[in-house]
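What follows is each chain in one-letter form.
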Amino acid sequence: MHFHLSVKASLPKLIRKVASTLSPRRAANNSTEPPTTNMADGEPDYSSLPLTERWVHKVWKVRKQAYEEAAKQFELTPDEYDPAFRPFNQDPSLWKGAVADSNVAAQSDGIAAFCAFLKFNGKEGCVRSRGHVINPIVEKGLVSTRPGTKASSIEALLLLVELDVPGPVIEDILPAMSAKQPKVIAAALAVLTTIFHNYGCKTVDPKPVLKILPKAFGHADKNVRAEATNLAVEFYRWLRDAMKPMFWGDLKPTQQSDLEAQFEKVKAEPPPKQERYLRSQQAAMARAPPPGAEGEEIEEEEEVDEPAEVDAFDLAEPQDVASKIPSDFHDNLASSKWKDRKEALEALYALANVPRIKDGDFNEINRGLAKSMKDANIAVVTQAAQCIEVLAKGLRRSYGKHRSTVMGPILERLKEKKQTVADALGAALDQVFLATSLTDCLEDILSSLGHKNPQVKEGTMKFLVRCLRTTRDVPSKQEVASIVEAAKKLLAESSEGLRSGGAEVLGTIMKIIGERAMNPHLEGLDDIRKNKIKEYFDKAEVKAKDKPKPPPAPAARGPPGGPKKLAGGGAKKGAGTKKTAAPAAQPPPDSAPRAAPGGKLGMPKPSGLSGLKAPQKRVGAPGVASPRRAPPAAAPPPLEDDDEESLPASPPPKPRAGIGRGGLAARSLAKPSAAPAAPSAPEPPPSSGLAVMERAELEELRSANDRLLKVLDEMRQDRGKLMSEIQELKNQNAGLIEDHTRDVLSIKAKETQLVRARSDAEAAEQTNERLRRELERLKRALSRAEGLGVSSPGVTSPTPDEMGIYRDGGNYPGARTSRMSFASSMSEEKENGDVPHNYPRSKLSPDLRYGSGSSGRASPARGFRSAAIEDAVGHHSGRSDTSSTVGGGGTSANGVESWKRAAEVTSQLKARIEQMKARQGLNRP
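This section reports on the structure supplied with the text. (Residues numbered from 1 in each chain as written. Predicted model: local features only at pLDDT ≥ 70, side-chain atom pairs only at ≥ 80, totals over all residues. Heavy atoms only, no water.)

The subject of this paragraph is the overall build of the protein. Counting its regular elements, the protein contains 45 helices and four strands. Taking the contacts inside the protein whose residues are at least 6 apart along the sequence as the reference set, 71% of them involve residues at least 24 apart. About 52,700 Å² of surface is accessible on the protein, with carbon and sulfur atoms providing 54% of the total. (Helix = DSSP H or I, 4+ residues; strand = E, 2+ residues; numbered from the N terminus. Contact = heavy atoms within 4.5 Å. Areas by Shrake-Rupley, 256 points an atom, 1.4 Å probe, with all protein chains shown as cover.)

Structural data, given as structure tokens:
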């Protein structure tokens, strides 16, 4: 009765509730069943609807319940292949509405459900859904006023990074930097700071974010600038100064000073460590061996090498420098003016001074820089060295092919005593070395150490020390021997700096290879030098240490000897454990292997043979210890069991070790042959087979190593031969160049002589022409004088006229006739164009022939010409005598008069000619 009354009272209320819920039920997406009514509160119950329908329901409470239910289902799934994940893997766009729900309460549960989905579903759900959720989370989840929603949003982004790779997540967050709302930009910068703080810059690539930092620092909103400052400080924790080239130049001076102040606070902090790891990193750490003695040593070594700072080269984008070099660079570099050469190098330095350079054709440029190392102007040399430095720094490994072009000239220029030039050359050498290796540079270094110039030796020695300190590769034995030999020669130098440098080189080498390996190289040195080397050894700091070589030695010897003593179970156990622990577990196989079969077979300890062998082998160990603990317990005496001769001695101690067990003495006498033979008979074959395989593999490796060493020696010999041939060809080329230069100089000298000879010939021709005109003038004057009736006095001896021609001047009547006939014959022959044979051009007197028109150079033909004049004079005298005798009938002196009378006649004739010229007005100055 009471029940009916309550139903009647609530009936009108139920009718109103049903009427109000008719429209939501009709609007449900593809709903086939009406929601049931919750009798307690009167609200409809949508739990019967499928989860995906409730996921997109227009009632926020329904969506919120769906998010909560999904999160609980994800937590209860056994693995990532559970059917609960299937709808969301098939349609990942469902998460877009959940993480960006219009209702803040539902959004909080939606992001929490997404975090549970990522945590339990794994990589597949992450890859499928991240493209749909990152943007809504950044725009609506990170800016939420609810702390829980904001924390879930950050956790979701961290999980997206953790499950796969961080690159796509960062790419999807960066577009938010262009959002209109400053709070979205600030939230994006904050979450980026969180990501880098948790995973570090070694896991997450910082380059894309560093590029957008200047834009964030230039934003008008102070919150955005503050978050940008926090992100820059986080970058500085990981990257230090390597981050500055990426954006530092785009900041204002005040911003730079503020950041420097923040950086000073971070410098005192210890190096940061990664706090969260990717799933791939977690799997690798899970596969790593448990921390043991050797494992700890390896981890310590890795931790020592880890704090290396990130280089700016790895962060920067390659820039194309080769295409920006001016076309007239090589012309200016070859200019005769040192300022033009220096300006060309300064322009190249400005272009190449970037964090990273794109590889291109720099062959011709490096050849020009190498040539500039020989420049007479030290400013040009310094600038060229700086250009080589920035090119090697920007190209890194790509610059190795240019090393042979520039290293030799740089080492040769180390003779420069000015410190600024030496510093520039040293910096260039250091960068070239960092782009190559010690093996590549060693040949040039050793050849330069033998240079005759002490300054070059000292600079090369310092460069070698720097190379040994910075190299990470341990030099080979041959390289060590060559370096030690060159350093010993430096110990005998007269200069104190070179002697100390040689000791420093030897001390640094000792630090790399160890004192024991260095002792054979120091034999023969006195104690003073050894102490000096030891001092440098103690102070040396190197990055390459020859430590990893000793551990492999027992590992190589262990397998051949171990299987002889190990039973089959022991062999399997050694193979199944980690490689680092195998060498330590194999030396004491005499105690562990026979305990292993019993443990592996699951036999109880008191059961017969296997239960007795374990305590027999482990002398002094507790009897109840498991077989797996046997190798560590027997680890202290590995050296005693390493000898194969100890094998026959192992059976006798067996009965003694088990005396405390009881019954062993009687059993060892009764069944020594049958009982031990049963388990040992089937076990030796696998152990011996394993030993044979290991030995064969070891022999194979040794033979391969020998072959490689032989090939290496042959290659070194071939390289030496090729280098010697190159040197010979260089010498031949130098000789040919010298011969060519000599030939060119001789040809130029001959050409100079020829030009001079031609000028002499032209001058002689001009002189001859002038003298010929003078001769004709004198002939005309003489003919006119003779025409006026000037007669010679009564002189019979030959007299010379003004032209140097000797004529008969006797007082016979035919003398004048003879002179006139000669003059007429001369004039007639000249008019006819015929030069008389008996009157050559060389008959002129020396005074006329060597006048002011001559070139001043004596001709080889002058002696001949003077002789011809004398012959011609004598010949003409004879002719005139003959003609005068025939024409006048007078007597002749026949050319036998003395020179005194001839001189008197000559003077008289000259006086008469002068008188004749004075009368006719023909006298000339």
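This paragraph deals with the nonpolar core. If you look at soluble globular proteins, the nonpolar side chains tend to sit buried side by side. Of all hydrophobic cores here, the largest spans 80 residues; its most connected members are Trp55, Trp95, Phe114, Ile173, Phe235 and Phe247. If you tally residues by element for this core, the top one is helix 11 (residues 182-199), at 11 residues. Discounting chain neighbours no more than four positions away, the residues touching Ile173 are Ile134, Val138, Leu157, Ala188, Val191, Leu192 and Ile195. Core analysis: the next-biggest nonpolar cluster, separate from the first, contains 72 residues, Val406, Ile410, Ala424 and Ala435 among them. (Core = buried A, V, L, I, M, F, W, Y, C linked by side-chain atoms within 4.5 Å. Buried < 20%, exposed > 50% of the residue type's maximum accessible area, 1.4 Å probe, protein only.)

Let us now look at a nonpolar patch on the surface. There is a patch of nonpolar side chains on the surface, built from Leu722, Met723 and Ile726 and spanning about 250 Å² of accessible area. When you line up the elements, Ile726 lands in helix 41 (residues 684-787). (Patch = residues over 30% accessible without salt bridge, like charges linked within 9 Å, V, L, I, M, F, W, Y side chains within 5 Å. Salt bridge = Lys/Arg side-chain N within 4 Å of Asp/Glu carboxyl O.)

This paragraph deals with the pattern of salt bridges. Under the definition given, this model contains 34 salt bridges. A salt bridge links Glu264 to Lys267; the shortest N-O distance between them is 3.1 Å. Placement of both Glu264 and Lys267 in helix 15 (residues 253-267) is noted, with a separation of three residues, approximately one turn of the helix. On the basis of relative accessible area, Glu264 is assigned to the partly exposed category, the value being 48%. In this structure Lys267 comes out as partly exposed when scored by relative accessible area, which is 41%.

Now for the side chain of Asn198. Locating Asn198 in the fold gives a position in helix 11. Discounting chain neighbours no more than four positions away, the residues touching Asn198 are Leu158, Gln274, Glu275 and Arg276.

Along the backbone, Lys267 and Arg237 are 30 residues apart, and their C-alpha atoms lie at a distance of 7.8 Å. If sequence neighbours within four positions are ignored, Lys267 has contacts with Tyr236 and Arg240. Within polar-contact distance, the side chain of Lys267 engages the side chain of Glu264 at 3.1 Å. (Polar contact = N/O pair within 3.5 Å; in protein donor to acceptor, adjacent residues only side chain to side chain.)

Once that is clear, we can look at the packing of aromatic side chains. All told, the structure shown has 19 aromatic pairs when counted by the stated rule. Ring centres of Phe433 and Phe463 lie 6.4 Å apart, and the angle between their planes is 90°; this geometry places the pair in the edge-to-face category. Of this pair, Phe433 sits in helix 24 (residues 419-435) while Phe463 is found in helix 26 (residues 454-470), placing the two residues 30 residues apart along the sequence. You'll find Phe433 and Phe463 in the same group, each marked buried. Feature note: the residues Trp55, Tyr67, Phe74, Phe85, Phe88, Trp95, Phe114 and Phe117 constitute an aromatic cluster, connected by ring pairs. (Phe/Tyr/Trp six-rings, centres within 6.5 Å; stacked < 30°, edge-to-face > 60°.)

In this section: the environment of Lys123. Among the structural elements, Lys123 can be located in helix 8 (residues 123-141). Under the relative-accessibility criterion, Lys123 is labelled partly exposed at 49%. Remark: the alpha-carbon pair of Lys123 and Val165, spanning 42 residues in sequence, is separated by 9.8 Å. Residues within four places of Lys123 in sequence aside, it is in contact with Leu163 and Asp164.

Taken across its 11 residues, helix 12 (residues 207-217) has eight buried, putting it largely inside the fold. Taken as a whole, helix 12 has its buried residues at Lys207, Val209, Leu210, Ile212, Leu213, Pro214, Ala216 and Phe217.

Moving on, we get to helix 15. In a regular helix each residue adds 1.5 Å, so 15 residues correspond to 21 Å; helix 15 covers 21 Å between its end C-alpha atoms and thus fits that length. Residues of helix 15 that are buried sit in contact with helix 12, helix 13 (222-239) and helix 14 (244-247). (Expected span 1.5 Å × (residues − 1).)

Its place among the elements puts His402 in the loop between helix 22 (378-395) and helix 23 (403-412). Here the side chain of His402 touches Asn363 through a polar contact of 3.3 Å, side chain to side chain. The contact partners of His402, leaving out residues within four places of it in the chain, are Phe362, Asn363 and Asn366.

Following both chains from N to C, one finds helix 7 (residues 104-121) and helix 8 inclined at 155°, their axes separated by 11 Å at the closest point. Here helix 7 is positioned roughly antiparallel relative to helix 8, judged by the angle of their axes. Once helix 7 is placed against helix 8, the crossing between them reads as left-handed. Counting all contacts with helix 7, which are made through Gln107, Ile111, Phe114, Phe117, Leu118 and Asn121, the residues of helix 8 involved are Lys123, Gly125, Cys126, Ser129, Val133, Ile137, Lys140 and Gly141. Each residue belonging to the contact of helix 7 with helix 8 can be placed in one class, and the counts come to seven nonpolar, five polar and two charged. (Axes fitted to C-alpha atoms, helices over the stretch in contact; angles between N-to-C directions. Parallel < 35°, antiparallel > 145°, perpendicular 65-115°, else oblique. Left-handed = near helix turned anticlockwise from the far one by under 90°. Nonpolar A, V, L, I, M, F, W, Y, C, P; charged D, E, K, R; others polar.)

Peptide bonds are trans in most cases, and residues, glycine excluded, mostly fall at negative phi. The backbone of Arg240 sits at a positive phi, close to 55°, despite the residue not being glycine. Note that Arg240 resides in the loop between helix 13 and helix 14. By relative accessible area, Arg240 is classed as buried at 15%. Its identity is not glycine, yet Arg396 carries a phi of approximately 55°, on the positive side. Mapped onto the secondary structure, Arg396 falls in the loop between helix 22 and helix 23.

A word on the packing of helix 27 (residues 477-491) against helix 28 (residues 496-513). Close contact between helix 27 and helix 28 brings their axes to 7 Å; oriented N to C, the two are set at 155°. By the angle between their directions, the pair helix 27 and helix 28 is classed as roughly antiparallel. Handedness of the crossing formed by helix 27 with helix 28: left-handed. Listed contacts from helix 28 to Val480, Ile483, Val484, Ala487, Leu490 and Leu491 of helix 27 are Leu498, Arg499, Gly502, Ala503, Val505, Leu506, Ile509 and Ile513. Of the residues assigned to the contact of helix 27 with helix 28, the class counts are 12 nonpolar, one polar and one charged.

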